[in-house]
Amino acid sequence: MWWKKHISDIFSWVLAVVGIFTTIIAARIAVSNGFFTVLIGVLAADVLLVVAWLVVLYLKFSYEKEKKNLEERIKNLEDEKESARKEFLQKESDSKIISDKHLSETKKQVSAMIMGFKNSSKMYNELCNRIPGITASSYRLLAGTEVMQEQDNEQIKNIILNSHNDFSTGLFTLFKQYTSNLLNYTVSIIGEYLDLHQRSIQVSTTVKLFDRPYYTHDDEGRNKILVYTAFRDKITYEEHEREIGENSYTIDGNVDFLRCIKKEHYIVNNAQKHDSNYWNEHVDFDAYYNCAVVVPIRAKLPEGSFKILGYLCCDCKNSDLDKQIFDTETANILFTLAQMYSNFLEALEANWIDRLSNIDGVADSFLGVICEKTYTGKNEP
């Protein structure tokens, strides 16, 4: 209580008040003795002293109260200062944690992308090294036919046919293994890249192949090329919603295919079904995607033109039309993988031509073999 702190001052003031009353009593007694005037003066002095004392007590109490308020405000400010300091240090610590976490996540995403490229490269090397073994196995089936007699012609034909089929099946198995893994690696690499740039979305990848190689110096031959879906990534395939090998397309009927004859990539974001600058023979494409990046699977010829085998494609369905999903870096990643894939297909093609060229009833190119085993639609572009 405040009065306990000022008990001595209050007691002194009470004594002064008692002194006034004592003076008044004494004045009444002293009237007859002639000391009335003196006592009145003393009484007046006592009253002034008591009033002054009371004012001093009031001011002192006010100052003490104000001092207490100021001390409380100072204490509150000190507490706020300390709280702000702790909050700042906490935020700084949280910011560092978030920054470290973001850096760690970025490193993981970059590492995952690098690992995807590494695995693709290892797979290319491993599967290419299997080709000689397939060739040798095919030739072993022919061993002994040179010593067979003419009456064994039918048996010789069967052995040769089995040798060709074995060779074709072996190369086609390599094609399926490489293409399947490549598309799955591509989904992973592109997905990590988009996550890294805060554009997380599920993407699909596919390989569109020609039924025969197309050479860019032959403009007229372009209209004879049949384009079809040869393969899709594992997730898309297992959803069983998008066609594989059922429909045929043309180069000129699709803006992305046409542009990639001369360009390294084609990118479209948030395409609309009736966009005048985007045409697609798949009329319901927007049911599955509205963003896509397409790159050619091609090999450069000595004279500078290109031999194009098909396209490596990546697409997604984007609901945020203000966001651009695919960019040039996405296309560069895809183009790098397509170049590696082109080298693999060319290795299969070279072995096919070397082994089975100019044989009646056998496809002229390995692209033709893939088409025969994969495409189930009409054989017309």
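In this report, we go over the structure that sits alongside the text.

The rules we used
- Residues numbered from 1 in each chain as written.
- Predicted model: local features only at pLDDT ≥ 70, side-chain atom pairs only at ≥ 80, totals over all residues.
- Heavy atoms only, no water.
- Pairing = 2+ DSSP bridges.
- Helix = DSSP H or I, 4+ residues; strand = E, 2+ residues; numbered from the N terminus.
- Contact = heavy atoms within 4.5 Å.
- Axes fitted to C-alpha atoms, helices over the stretch in contact; angles between N-to-C directions.
- Salt bridge = Lys/Arg side-chain N within 4 Å of Asp/Glu carboxyl O.
- Buried < 20%, exposed > 50% of the residue type's maximum accessible area, 1.4 Å probe, protein only.
- Phe/Tyr/Trp six-rings, centres within 6.5 Å; stacked < 30°, edge-to-face > 60°.
- Lys NZ or Arg CZ within 6 Å of the ring centre and 35° of its normal.
- Lys, Arg positive; Asp, Glu negative; His and termini not counted.
- Polar contact = N/O pair within 3.5 Å; in protein donor to acceptor, adjacent residues only side chain to side chain.

Here we come to the sheet that holds strand S1 (residues 204-215). In spatial order, the strands read S3-S2-S1-S6-S5-S4; together these six strands make up an open sheet with antiparallel pairing. The sheet is open, and its two edges are formed by strand S3 (248-249) and strand S4 (266-268), each paired on a single side. Relative to strand S6 (residues 306-316), S1 is paired through eight bridges, and the arrangement is antiparallel. By the bridge assignment for S6, Lys208 is matched with Tyr311. Docked against the sheet, helix H9 (residues 366-374) engages S1, strand S2 (227-232) and S6, running at close to 130 degrees with respect to S1.

Let us look at the pattern of salt bridges. One pass over the structure, following the stated rule, counts eight salt bridges. Residue Asp284 pairs with Lys273 through a salt bridge whose shortest N-O separation is 3.3 Å. Residue Asp284 is found in the loop between S4 and strand S5 (291-300), and its partner Lys273 is found in the loop between S4 and S5; the two are separated by eleven residues along the sequence. For Lys273, a relative accessible area of 36% puts it in the partly exposed group. Among the ionic pairs, Lys307 bridges to Glu346, the shortest N-O distance being 3.0 Å. One end of the pair, Lys307, is in strand S6; the other, Glu346, is in helix H8 (residues 328-356), with 39 residues separating them in the sequence. On the accessibility criterion, Lys307 (8% relative accessible area) is buried.

On to the packing of aromatic side chains, then. Tallied over the entire structure, the rule returns twelve aromatic pairs. Measuring from centroid to centroid gives 5.5 Å for Tyr228 and Tyr375, while their planes differ by 50 degrees, and the two rings are tilted. Of this pair, Tyr228 sits in strand S2 while Tyr375 sits in the segment after H9, placing them 147 residues apart in sequence. Here Tyr375 falls in the buried class, since its relative accessible area comes to 7%. We note Arg298 situated over the ring of Phe306; from NZ or CZ to the ring centre the distance is 3.8 Å.

Once that is clear, we can look at H9. Counting buried positions over the nine residues of H9 gives seven, a clear majority of the element. Three or more residues of H9 are buried, namely Phe366, Leu367, Gly368, Val369, Ile370, Cys371 and Thr374.

Here we come to the side chain of Lys208. You can see Lys208 is positioned in strand S1. Buried within the structure, Lys208 lacks any salt-bridge partner; Glu243 is the closest side chain of opposite charge, at an N-O distance of 4.3 Å. Within the structure, the side chain of Lys208 is placed 2.6 Å from the side chain of Thr229, a separation counted as a polar contact. Aside from chain neighbours lying at most four places away, what touches Lys208 is Val227, Tyr228, Thr229, Arg232, Glu243, Tyr249, Phe257, Ile297, Leu309, Gly310, Tyr311 and Cys313.

Next up on the list: the environment of Asp211. Tracing the backbone through its elements, the reader meets Asp211 in strand S1. Along the sequence, Asp211 and Ser365 sit 154 residues apart, while their C-alpha atoms lie 8.9 Å from each other. Here Asp211 is in contact with Lys224, Ile225, Leu226, Tyr228, Ser365, Leu367, Gly368 and Cys371, once residues within four sequence places are set aside. Polar contacts involving the side chain of Asp211 include one to the side chain of Arg212, which spans 3.0 Å.

Attention shifts here to the pairing of S2. A regular strand carries its side chains on alternate faces of the sheet. The buried fraction of S2 is high, at six of six residues. Pairing of S1 with S2 involves five bridges; the strand directions are antiparallel. Among the inter-strand pairings, Val207 is bridged to a residue of S2, identified as Phe231. Strand direction decides the pairing type here: S2 and S3, joined by two bridges, are antiparallel. Following the sheet pairing, Val227 is matched in S3 by Tyr249.

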